[in-house]
Amino acid sequence: MGTPSPQAVLVLAVVLVGLWAPRGGHGQPNFIVILADDVGWGDLGANWAETKETPHLDQLAAEGIRFVDFHSAASTCSPSRASLLTGRLGVRNGVTHNFAITSVGGLPLNETTLAEVLQEAGYSTGAIGKWHLGHHGRHHPNSRGFDYYFGIPYSHDMGCTDTPGYNVPPCPPCPRHGAAHRVARKDCYTEVALPLLENVTIVQQPVILGSLAGRYAEEAARFIRRASESGRPFFLYLALAHMHVPLWDPQPAPASGSGIYGASLSEMDALVGRIREVADSHGKGNTLLWFTGDNGPWAQKCELAGRLGPFVGAWQRQRGGSSAKQTTWEGGHRVPAVVYWPGHVPAGRTSRALLSTLDIFPTLVALAGAALPPNRRFDGLDVSPVLFGRSDEGHKVLLHPNSGAAGKVGEIEALRLAQYKAFYTTGGAMACDGSTGPAEHHQPPLVFNLDRDVQEQEPLDVASREYQAVLPVISRAYTQALEDIAADNVSVADYSRDPAVIPCCNAQHVACRCSTRGFHTEGRTTRLCL
């Protein structure tokens, strides 16, 4: 057999490169990031055999890559979302705790979002769902790189509705008349109705919770279709209301037999399945879909909280308090994660690489052929080699900030180094039984070997050879991390409050009540969000 000509070799090389090159408008892939809310690691059937409500997500895992050691960047809403969209921890980007409905500020304006980078790279950008990074003025999604926004500006328990759904404690519906008819309940927002926005327009107030999943699915499908027809690549950030309380029952009798939580989980799974179907219909293999969660389950919501799987934080539970959302225990930040990209990501693979939502920013920027913003340091990594099956190496060190438990919010209170997890502060988050557990500061730190003890039940004996060997390495990594943060270009968020910035489409009504039929702003009078 003769030697192939140089021309034949060149043609073959071009064909092979074309098979594995990112596809989409202008050779760039499309991106869909689906962020579930308060979802547990065990809420994914592919992770936890007892879970039966996620066939669509399990199919995504079977046809893509499933990450089993994947972590949210924080254990509560605003800091986690800020870190996903900037690739930087809250101690760098300034978002260390949640914003309120009266918050004047939001994610600092000198921070660059993933949407802004991709928009500059030619992408059509859309955000659908929960924002919770500031809604006033230039903190609105339309001013943070998103061409289109449809959703709720904060968590859907931060406003009343006419059909309050299921919560612990139960919350009353919105008042329909004057102040005399208000019924206040602890932990419930009863003053202002929950708004639904399309761009800067309030299209419904209060939101009808039972229709929210369907609306999100329809708007996502419409955005994907329009972006595909335009010929531009797109980035869709879909931040779901599921599985945050209040939950609602999408069907009178849940088929799974697992109650309200199981029925809501099934609805979330079906929504994800629909988005995958729509994306595939516009060119299977053109779109990378990344599903994950913002933090672990909210334990104090009892039977309405998600499933931790094996990550129960047994040491903390023995002392009272939660080991889930708001905490640095594994149940607070280890979340399900699946990436689906036919023809690019090897199917049916399980990765044990230590990864984080922080990695989404630099990975998608690299895949888009764009550049990271200058003059700042990033906590995330470009993990595309892991996605493509060429590596299974992630972070050598991963930092876990305090997200509302004991200690100062945003401070680094735990650290992961290989299989070791070190805690400097524990306690302070409420469990279902109302206990919070004592706030304890640990010096030297508690250290667990997660390879042997995923339940985080028994810390290493400080006198053991293993502890003595690993402590200097942990201490050095912790010190270096703090020094790196101190030397960085660090932002400061404005957490000041003013009732005048509350989104309200009818200030004459006690709950800002109004209703605009339909989904879109064409041909009708707009009501502008403050």
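As a reminder, the structure under discussion sits directly above these lines.
So, here's what we can say about the structure. Remember, predicted model here, so these are calculated numbers, not experimental data.

## A word on the state of the cysteines
In step 1: Under the defined criterion, the tally for this structure stands at 5 disulfides.
In step 2: Note that Cys160 is cross-linked by a disulfide to Cys174, the S-S spacing being 2.1 Å. In this structure, the disulfide formed by Cys160 and Cys174 twists by about 105° around the S-S bond and is classed as right-handed. Here Cys174 lies in the loop between strand 5 (148–151) and strand 6 (196–198) and Cys160 lies in the loop between strand 5 and strand 6, a separation of 14 residues in the sequence.
In step 3: According to the relative accessible area criterion, Cys160 is buried, its value standing at 2%.
In step 4: Exposure remark for Cys174: the relative accessible area of 6% places this residue in the buried category.
In step 5: Between the sulfur atoms of Cys302 and its disulfide mate Cys432 the distance is 2.1 Å. Disulfide Cys302-Cys432: the torsion about the S-S bond is 105°, which places it as right-handed. Linking Cys302 in the loop between strand 9 (287–293) and helix 8 (314–317) with Cys432 in the loop between strand 15 (420–426) and strand 16 (440–449), this pair joins segments that are 130 residues apart in sequence.

## Looking at unusual backbone geometry
In step 1: With an omega of -5°, the peptide bond between Val168 and Pro169 qualifies as cis.
In step 2: Along the chain, the position of Pro169 falls in the loop between strand 5 and strand 6.
In step 3: Of note, the amide linkage connecting Val245 to Pro246 takes the cis form, showing an omega dihedral of 0°.
In step 4: Within the fold, Pro246 resides in the loop between strand 8 (234–239) and helix 7 (259–281).
In step 5: You will see that Asn199, though not glycine, has its phi angle at about 55°, which is positive.
In step 6: Looking at the secondary structure, you find Asn199 in the loop between strand 6 and strand 7 (201–205).
In step 7: Despite not being glycine, Asn375 has its phi angle at roughly 65°, a positive value.
In step 8: One can find Asn375 in the loop between helix 10 (360–367) and helix 11 (384–387).
In step 9: Here Asn375 falls in the exposed class, since its relative accessible area comes to 63%.

Quick notes on the rules
- Residues numbered from 1 in each chain as written.
- Predicted model: local features only at pLDDT ≥ 70, side-chain atom pairs only at ≥ 80, totals over all residues.
- Heavy atoms only, no water.
- Disulfide = S-S within 2.5 Å.
- Helix = DSSP H or I, 4+ residues; strand = E, 2+ residues; numbered from the N terminus.
- Buried < 20%, exposed > 50% of the residue type's maximum accessible area, 1.4 Å probe, protein only.

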